[in-house]
Amino acid sequence: MKRGMAVSIALAIALLAPVVLSQDIKSIVENVNATGQLEVVHWWTAGGEKEGINEALNYFSRIYPKVRVISGPIAGGAGTNLKQVVKTRVVAGNAPESFQCHAGYEMYPYYEGDLLYNCDDVWSYMGLESVTPDMIEEICKIDGHYYCVPIGIHRTNVVFYNKGLFEAYGVEEPSSNMTLEEFFDFAAELQEKLPEGVRALGLGDRNNWEATHIFETLMLAENPRTYEKFINGKVTAKELVPALEAFQEYLGYVAPDHRARTWDEECGMIMQGKVAMLIHGDWAKGYFTANGWEYGKDFGAFVVPGTEGWFGASTDAFVRPKSSVNHENAIRWQATYVTLDAQKVFNPAKGSISPYTHVPTTIYDEYSREAAEDLYSRDIKIYPSITHGSGSPEQVLSQLNVIIGDFAQNPQNVQGTANSIINAIKYVEHPVQWDII
Ligand code: GAL
């Protein structure tokens, strides 16, 4: 992420710094007799998520057996509840050693309060730059420095579906080989064949963001330029209309009580055969496999029609706040979960893809292997998710979640909703100007 750069003495110091830094970090990381605590605050409590974080923390404990590891889960997908709790702690000077934070704009409030250490040391010592896709690298930087270290990447533009349902009702399985319009036609035909109480499409937006997730994906599907203008703070109400109309159409096939469920409960509806298809991120795959489903046998997945060639990225990362008790353990934590062995155990359990291209794709099932090949491919364009903290400033996301959450409840007023979105975001500063196309 680039902001107006000033050439200054600071730059000269920064150029000298790595030599000293890498010596320090070497002795910190190599000290396997380290003691003290490592409190890691995260939101990974659902199926797949908790297996993933447990793998990463257990791996850390095997390397540093004398460190007291405290796992601090704060339930609420996508960091819904974590953000507030952590902010209070960090500002109060009582921060955990490390906490989960999406790479990108989500880091800004802490950065602006000078509450985070920069992580250039871990990036440089662990040689991450040479193995990280450029766009992911950019997302992790503010003003030319890294402020987080990614642990896993999720693809956000995916349709998941229950294979058995299609077989049971004699409908051919869907694929990306259609336009968004054809996808909705397909959903209409499917809905006709499904019995009462079974829905063609899913949504579980108890925490709002699940609705924003679908909205942003449809916005990209409708027009990547609109998406780019949105994240640059330059979109107009008129340009938002097609995405809202598409979401309105999507909602037409969703159960009316969608707000009663969270994302993982909605994945449960897919498993129970009450919902056929769901636009979601591939932590859903982690949920399905953690609950005993197999890709290709029980569930299928394909890229959301209209978004082929694009990879929506939710970049899971951890940061190092300044007011923790044991900063060295936070450095050890980051330097450990990026290793090949830790990445190999974390990502398959979580359903995510390693941010690091040297991690062999053979560690994944067929679904994640293809997703990983896409992420690392130069032919695929990566776009930063708005919903998952990267693409837009927090003030935009929090207001968007409310507006889209209301729209999902009452999807009549497309023009009014487009206007509300513009009114909510037009005065928000957008320091990052993305070039995703
Ligand atoms: C995303 C995150 C995923 C998953 C999901 C639901 O923001 O990237 O790892 O945790 O939220 O909680």
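Please refer to the structure higher up on the page.
An account of the accompanying structure is given in this report.

Analysis parameters
Residues numbered from 1 in each chain as written. Predicted model: local features only at pLDDT ≥ 70, side-chain atom pairs only at ≥ 80, totals over all residues. Heavy atoms only, no water. Buried < 20%, exposed > 50% of the residue type's maximum accessible area, 1.4 Å probe, protein only. Helix = DSSP H or I, 4+ residues; strand = E, 2+ residues; numbered from the N terminus. Pairing = 2+ DSSP bridges. 1 Å grid on protein atoms, 1.4 Å probe; cavity = no way out; pocket = protein on both sides within 12 Å on 5 of 7 lines; lining within 4 Å. Points joined across faces, edges and corners; volume = space filled by probe spheres on them. Nonpolar A, V, L, I, M, F, W, Y, C, P; charged D, E, K, R; others polar. Domains from an automatic or database assignment. Disulfide = S-S within 2.5 Å. Phe/Tyr/Trp six-rings, centres within 6.5 Å; stacked < 30°, edge-to-face > 60°. Lys NZ or Arg CZ within 6 Å of the ring centre and 35° of its normal.

Burial of strand E9 (residues 275–280) is extensive: six of the six residues sit out of reach of the surface. Sheet topology note: the strand E7 (residues 158–162)/E9 ladder contains four bridges and is antiparallel. Each residue of the ladder has a partner; that of Val-158, found in E9, is His-280. Across two bridges, strand E8 (residues 199–201) lies against E9 in parallel orientation. Its bridge partner lying in E9, Leu-201 is registered against Met-277.

What follows is about empty space enclosed by the protein. Evaluation of the coordinates by the stated rule reveals two cavities of 30 Å³ or more. The volume enclosed by the largest cavity comes to roughly 90 Å³. Trp-43, Glu-49, Ala-78, Trp-283 and His-388 are, among the 14 residues lining the largest cavity, the residues nearest its centre. Its residues placed into classes, the lining of the largest cavity shows six nonpolar, five polar and three charged. Shared between two domains, the lining of the largest cavity takes at least three residues from each, and those domains are domain 1 (3–151 + 316–363) and domain 2 (158–312 + 382–425). Estimated volume of the second largest cavity: approximately 40 Å³. Considering the residues around the second largest cavity, the lining is formed by Leu-203, Gly-204, Glu-210, Ile-214, Trp-263, Glu-266, Leu-278, Ile-279 and His-280. At the level of elements, helix H9 (209–222), helix H12 (263–271) and E9 are the ones that each hand at least two residues to the lining of the second largest cavity.

Following the criterion strictly, the structure yields zero disulfides and no others. Summary of cysteine pairing: Cys-101 is not part of a disulfide, and the nearest cysteine sulfur, belonging to Cys-148, is at 7.0 Å. Here Cys-148 is not disulfide-linked; the sulfur of Cys-140 is the nearest cysteine sulfur, at 3.7 Å. Exposure remark for Cys-148: the relative accessible area of 0% places this residue in the buried category.

Taken as a whole, the second largest pocket spans an internal volume of roughly 380 Å³. Together, 18 residues line the second largest pocket, and Asp-134, Met-135, Arg-378, Ile-380 and Ile-382 are the ones closest to its centre. Elements represented by at least two residues in the lining of the second largest pocket include exactly helix H6 (134–139), helix H16 (366–376) and strand E12 (381–384).

It is worth spelling out the packing of aromatic side chains at this point. For the structure shown, the criterion picks out 31 aromatic pairs. Ring centres 6.3 Å apart and planes at 75° place the aromatic pair Phe-60 and Trp-333 in the edge-to-face group. With Phe-60 in helix H2 (residues 49–63) and Trp-333 in helix H14 (residues 327–337), the pair connects residues that are 273 residues apart, well separated along the chain. There is no split in this pair, since Phe-60 and Trp-333 are both buried. For the pair Tyr-227 and Tyr-383, a centre-to-centre distance of 4.9 Å together with 70° between the ring planes defines the contact as edge-to-face. Taken together, the residues Tyr-227 in helix H10 (residues 224–231) and Tyr-383 in strand E12 connect sequence positions 156 residues apart. For the residue pair Tyr-227 and Tyr-383, the accessibility class agrees, reading buried in each case. Of the aromatic side chains, those joined through ring pairs into one cluster are Phe-160, Trp-263, Tyr-287, Phe-288, Trp-293, Tyr-295, Phe-299 and Tyr-367. It is Lys-322 that lies over the ring of Tyr-117; its NZ or CZ is 6.0 Å from the centre.

The analysis is restricted to geometry; functional conclusions fall outside its scope.
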